[in-house]
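Structural description and commentary
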Amino acid sequence: MQLRWAHGPQVYVPAATYSTIAPACFTIDIMSRMPFITFEGSEGCGKSTQVKRLAACLERVGIPFLVTREPGGTPVGESIRELLQFAPHNAGMTSETELLLFEASRSQLVREMIKPALERGVCVIADRFFDSTTVYQGAARRLDREIVERLNAFAVGDCVPDITFVLDVDAETARSRMQQPRRADRMEQQPSEFYEQVREAYRDLVRHEPDRITLIDGSREADEIENDIWKTLCSRFPNLTTDD
Ligand code: TMP
């Protein structure tokens, strides 16, 4: 399956089911709506591959879904992404500016895309969400943790993931996966200690929120990881495998 970002996030809504989805409130119980699933991990961990594979699984079973990425996922967010990652004048960007830009992209994405999708009964798969800010800006950039948490809460409101998969790989594996020709971005110019801190901070998050966050050994074959994720999702969210 080809996911394209240039014109915004991918939405898959089977024609046969779209018109029958009743409008619902996001605050309704997770048992009666589709889950909000996020993927996290350092660069090269394989999360984007797993996002695509999960999207393909949902398509096979006929579940409507939306795939988003951060920063980005809306026209405003994609402009912020360009500014954060590739703008020629972004080298001197302060950590505080960076934090606010990630939050700005996220608050737009939540209100323009994620909440409306969940309210329509669509499953949402997010390639990064607020845990990235906790880890990259809070732990690795060492910005004030309380401010980061408050800004995260301000950006997302009540839109909190139902389940988060953190794909964990060591720095060497991650580096080897990133060596194919690609457009290197500003965030990838960091020293290797930065990535060690990112990895450790993700593992810390899993320890603190074991009910929401699942640690996945990302060094295994992609098929094995995909099966693991799908099994976890089906056991946690039975509505993914039933027709109601
Ligand atoms: P990626 O999604 O291709 O990995 O690129 C996103 C980059 O932005 C990655 O280096 C992680 C970084 N990032 C943050 O530092 N904070 C955030 O809140 C988010 C969403 C991403």
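Residues numbered from 1 in each chain as written. Predicted model: local features only at pLDDT ≥ 70, side-chain atom pairs only at ≥ 80, totals over all residues.

Quick word on the packing of helix H2 (residues 47-61) against helix H9 (residues 222-236)
Axis separation between H2 and H9 bottoms out at 10 Å; the angle between their running directions is 55°. With respect to H9, the element H2 is oriented oblique. Our pair here, H2 against H9, has a crossing hand that is right-handed. For the pair H2 and H9, contact is made by Thr 49, Gln 50, Arg 53, Leu 54 and Cys 57 and by Ala 222, Ile 225, Glu 226, Ile 229 and Trp 230, respectively. Here the residues of the contact of H2 with H9 sort into 6 nonpolar, 2 polar and 2 charged. (Axes fitted to C-alpha atoms, helices over the stretch in contact; angles between N-to-C directions. Helix = DSSP H or I, 4+ residues; strand = E, 2+ residues; numbered from the N terminus. Parallel < 35°, antiparallel > 145°, perpendicular 65-115°, else oblique. Left-handed = near helix turned anticlockwise from the far one by under 90°. Contact = placed C-beta atoms within 7 Å. Nonpolar A, V, L, I, M, F, W, Y, C, P; charged D, E, K, R; others polar.)

Quick word on the nonpolar core
Counting 50 residues, the largest nonpolar core has Phe 65, Ile 114, Val 122, Cys 123, Val 124 and Ile 125 as the members making the most contacts within it. Examining the composition of this core, we find that 8 residues originate from one element, helix H4 (residues 95-119), more than from any other. Ignoring sequence-local partners within four residues, the contact set of Val 124 consists of Phe 36, Ile 37, Leu 66, Thr 68, Ile 114, Ala 117 and Leu 118. (Core = buried A, V, L, I, M, F, W, Y, C linked by C-beta atoms within 7 Å. Buried ≥ 20, exposed ≤ 12 C-beta atoms within 10 Å, placed from the backbone.)

Points about the environment of Thr 232
Mapped onto the secondary structure, Thr 232 falls in helix H9. Taking the C-beta count within 10 Å as the criterion, Thr 232 has 14 such neighbours and is therefore assigned partly exposed. Placed 18 residues apart in sequence, Thr 232 and Thr 214 show a C-alpha to C-alpha distance of 9.1 Å.

Let's talk about the pairing of strand E3 (residues 65-69)
Counting buried positions along E3 gives 5 out of 5 residues, so the element sits mostly inside the fold. Of the two faces of E3, the one carrying Phe 65, Val 67 and Arg 69 and the one carrying Leu 66 and Thr 68 are both buried.

Some words on the packing of helix H3 (residues 75-85) against H4
Each pair of packed helices gets described by two things: the angle between the helix axes and the distance between those axes. Close contact between H3 and H4 brings their axes to 9 Å; oriented N to C, the two are set at 160°. As far as their axial angle goes, H4 and H3 are roughly antiparallel. Regarding H3 and H4, the two cross each other, and that crossing is left-handed. Between H3 and H4, the residues in contact are Val 76, Gly 77, Ile 80, Arg 81, Leu 83 and Leu 84 and Glu 98, Leu 101, Ala 104, Ser 105, Gln 108 and Leu 109, respectively. Tallied by class, the residues present in the contact of H3 with H4 amount to 7 nonpolar, 3 polar and 2 charged.

Description of the environment of Leu 84
Among the secondary structure elements, Leu 84 is positioned in helix H3. Looking at Leu 84, the number of C-beta atoms within 10 Å reads 20, which means it is buried. Taking C-alpha positions, Leu 84 is 8.5 Å from Asp 185, a pair spaced 101 residues apart along the chain. Once you skip the residues sitting within four places of it in the chain, Leu 84 turns out to touch Pro 71, Asn 90, Glu 98, Leu 101 and Arg 186.

Digging into the site of the ligand
Taken together, the neighbourhood of the ligand is formed by Glu 43, Glu 70, Pro 71, Phe 102, Arg 128, Ser 132, Thr 133, Tyr 136, Gln 137 and Met 187. Sorting elements by how many residues they give to the shell around the ligand places helix H5 (residues 130-140) first, with 4 residues. Looking at side-chain class alone, the shell around the ligand contains 4 nonpolar, 3 polar and 3 charged residues. (Near = placed C-beta within 6 Å.)

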